[in-house]
Amino acid sequence: MDTRRVLVIGCGLIGTSVGLALRRAGVHVTLADHDPRALLRALRMGAGVRFVPGGGPVDVVVIATPPSTVVPVLVEAQRRGLGAVYTDVASAKGRILDEAERAGCDLASFVPGHPMAGRELSGAGAGRADLFVGRAWVLCPHPGVDERALRGVAGLAAACGAEVTLLPAEAHDRAAAAVSHVPLVVSAALAGRFAVPDADALALAGTGLRDVTRVAGSPAGLWRDILEQNAGAVAELLDVVAGELRLVADSLRAGDGESVAGVLAAGNVGRGHIVRALGGVVSRKAS
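Here the residue numbering is sequential within each chain, running from 1 through the sequence in written order. Given that this is a predicted model, residues contribute local features only at a pLDDT of at least 70 and side-chain atom pairs are listed and counted only at 80 or more, while totals for whole chains, interfaces and linings are drawn from all residues. The side-chain quantities take in all heavy atoms of the structure and omit both hydrogens and water.

A. Quick peek at the overall build of the protein chain. Numbering of helices and strands runs from the N terminus; a helix is a DSSP stretch of H or I covering at least four residues, while a strand is a stretch of E covering at least two. Within the protein chain, the regular secondary structure consists of 11 helices and nine strands. At 21 Å, the protein chain has a C-alpha radius of gyration in line with the 19 Å of a compact globule built from 287 residues. With the C-alpha coordinates aligned to their principal axes, the bounding extent of the protein chain is approximately 70 × 40 × 35 Å. For the protein chain, the proportion of its 287 residues judged to be buried stands at 39%. Contact between two residues is taken to exist if any of their heavy atoms lie within 4.5 Å; hydrogens are not considered. Restricting the contact set of the protein chain to residue pairs at least 6 apart, pairs at least 24 apart contribute 70%. Each accessible area is a Shrake-Rupley estimate made with a 1.4 Å probe; only the visible protein chains count as cover when residues are assessed. Carbon and sulfur atoms provide 57% of the accessible area of the protein chain, an area that totals close to 15200 Å². Here the protein chain carries 29 positive and 28 negative side-chain charges, and the mean point of each set is 8 Å from the other. It is over C-alpha atoms that the radius of gyration is taken, and the globule rule equals 2.2 Å times the number of residues to the power 0.38. When a residue's accessible area, from a 1.4 Å probe over protein chains only, is under 20% of the maximum for its type it is buried; when over 50% it is exposed; and in between it is partly exposed. In this count, Lys and Arg are taken as positive residues and Asp and Glu as negative ones, while His and the chain termini are left out. The atoms used to mark charge sites are NZ of Lys, CZ of Arg, CG of Asp and CD of Glu.

B. A look at the packing of aromatic side chains. The pairing test for Phe, Tyr and Trp rings, Trp by its six-membered ring, is centres within 6.5 Å, and the orientation test on the planes gives stacked under 30 degrees, edge-to-face over 60, and tilted for anything in between. This model, assessed by the stated rule, comprises one aromatic pair. For the pair F132 and W137, a centre-to-centre distance of 5.1 Å together with 50° between the ring planes defines the contact as tilted.

C. Focus on the side chain of D88. For D88, the position within the fold is in strand β5 (residues 83-88). By relative accessible area, D88 is classed as buried at 0%. Definition of a polar contact: a pair of N or O atoms within 3.5 Å, with one able to donate and the other able to accept a hydrogen when the atoms are protein atoms, and with sequence-neighbouring residues admitted only if both atoms are side-chain atoms. A distance of 3.2 Å separates a polar side-chain atom of D88 from the backbone nitrogen of A90. Among the polar contacts made by the side chain of D88, one reaches the main-chain amide nitrogen of G113 at a distance of 3.1 Å. Not counting chain neighbours up to four residues away, the residues in contact with D88 comprise I63, V70, K93, I96, F110, V111, P112, G113 and H114.

D. Representation of the sheet that holds strand β9 (residues 163-166) within the structure. What the three strands build is an open sheet, ordered β7-β8-β9; its pairing is mixed. What marks the edges here is a single partner per strand, and that holds for β7 (113-115) and β9. This sheet shows a mean twist of 20° between the axes of neighbouring strands, independent of strand direction. The criterion for strand pairing is that DSSP finds at least two bridges linking the strands in question. Between N-to-C directions, angles cover 0 to 180 degrees, with each direction set by a line fitted to C-alpha atoms, over the stretch in contact for helices.

E. How the structure looks around the pattern of salt bridges. The salt bridge criterion pairs a side-chain nitrogen of Lys or Arg with a carboxyl oxygen of Asp or Glu, the two atoms within 4 Å. If you walk through the whole model with that rule in mind, you get 10 salt bridges. Across the pair R37 and D35 runs a salt bridge, and its minimum N-O distance is 3.6 Å. Classification of D35 as partly exposed rests on a relative accessible area of 23%. Of the charged contacts in the structure, one is a salt bridge between R224 and E228, with a shortest N-O distance of 3.0 Å. Of this pair, R224 and E228 both sit in helix α9 (residues 220-229), four residues apart, roughly one helical turn. A relative accessible area of 57% means that R224 is categorised as exposed. According to the relative accessible area criterion, E228 is partly exposed, its value standing at 40%.

F. Broad picture of the nonpolar core. Within the largest apolar cluster, 38 residues are counted, with the highest numbers of intra-cluster contacts made by L31, F132 and W137. Where this core is concerned, the elements lending two or more residues are β1 (5-9), α1 (13-24), β2 (28-32), α2 (36-44), β4 (58-63), β8 (136-139) and α5 (147-159). Formed by 24 residues, the second largest nonpolar core is a distinct cluster that contains A32, F51, V70 and L107. By convention a nonpolar core is built from buried Ala, Val, Leu, Ile, Met, Phe, Trp, Tyr and Cys residues, the set being connected through side-chain atoms within 4.5 Å.

G. Spotlight on the pairing of β4. In terms of residue burial, β4 counts as a mostly covered element, since six of its six residues are buried. For β1 and β4, the ladder comprises four bridges, and the chain directions are parallel. Considered in β4, the bridge of V8 is made with V62. Two elements, β4 and β5, share five bridges in a ladder whose sense is parallel. Pairing of I63 across the sheet is with D88, part of β5. Whether a crossover is right-handed depends on one test, that the path from the first strand over the helix to the second runs clockwise when the strands point away from the viewer. Chirality of the crossover, the property in question, places the unit of β4, helix α3 (residues 70-80) and β5 among those that are right-handed.

In structure tokens:
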């Protein structure tokens, strides 16, 4: 399937970045958003032109709205016949797919997707044409999906510079919990200790605290939605992390240095795997 015309619904960070990336690749992009200010900002940035009804179906409709709104938007877009193929960019997939099936959506033309890229900034103004370059873009094809639809969305992701990865929705949600959703919660919990500023502590803060709390600056409303969409996988892994933290706290009180050292050593090993997976070099320097 040759993707030449794309409609992006939702002009936040991801939607605007999709538009910018596709425009750079020579794709004709139209934009829609219920917020006129977001739409105007994306238009001024060159992410596409304003969507005007009646122009016939586009090749792919990209739904870049908050996760809890994806299915209602999909229902309406399919009812209006806005595209031949539909995809989304939400970071949790299982619940959306289940809700789309219950809502009677045409699942043959719907390919759930999630570009594994983002910033702690939000809104159209944070959009970047190179946001997806070299990053994974997960597609979660279900048994009823049309092969041409899958090829079309895969081509769209590739045109944005991303590396396409196929995963079942459940596997994607577990992985997203591990590498994105739980780290956000842990970062927010730590940063929340400074919601009432501790001047003495902050005067001593270095890059380590800044780095580990970077994603805590992400928009709280959007992340509440994301976490609720992937609640089971996130809660399960948070229990594991909380257990490790409880082990350290109990061991420190008991003077059990061996148990503390075991958690730290496992952290060293895991950090090595993370850095190598990202193509970096493991540093031994403490921050």
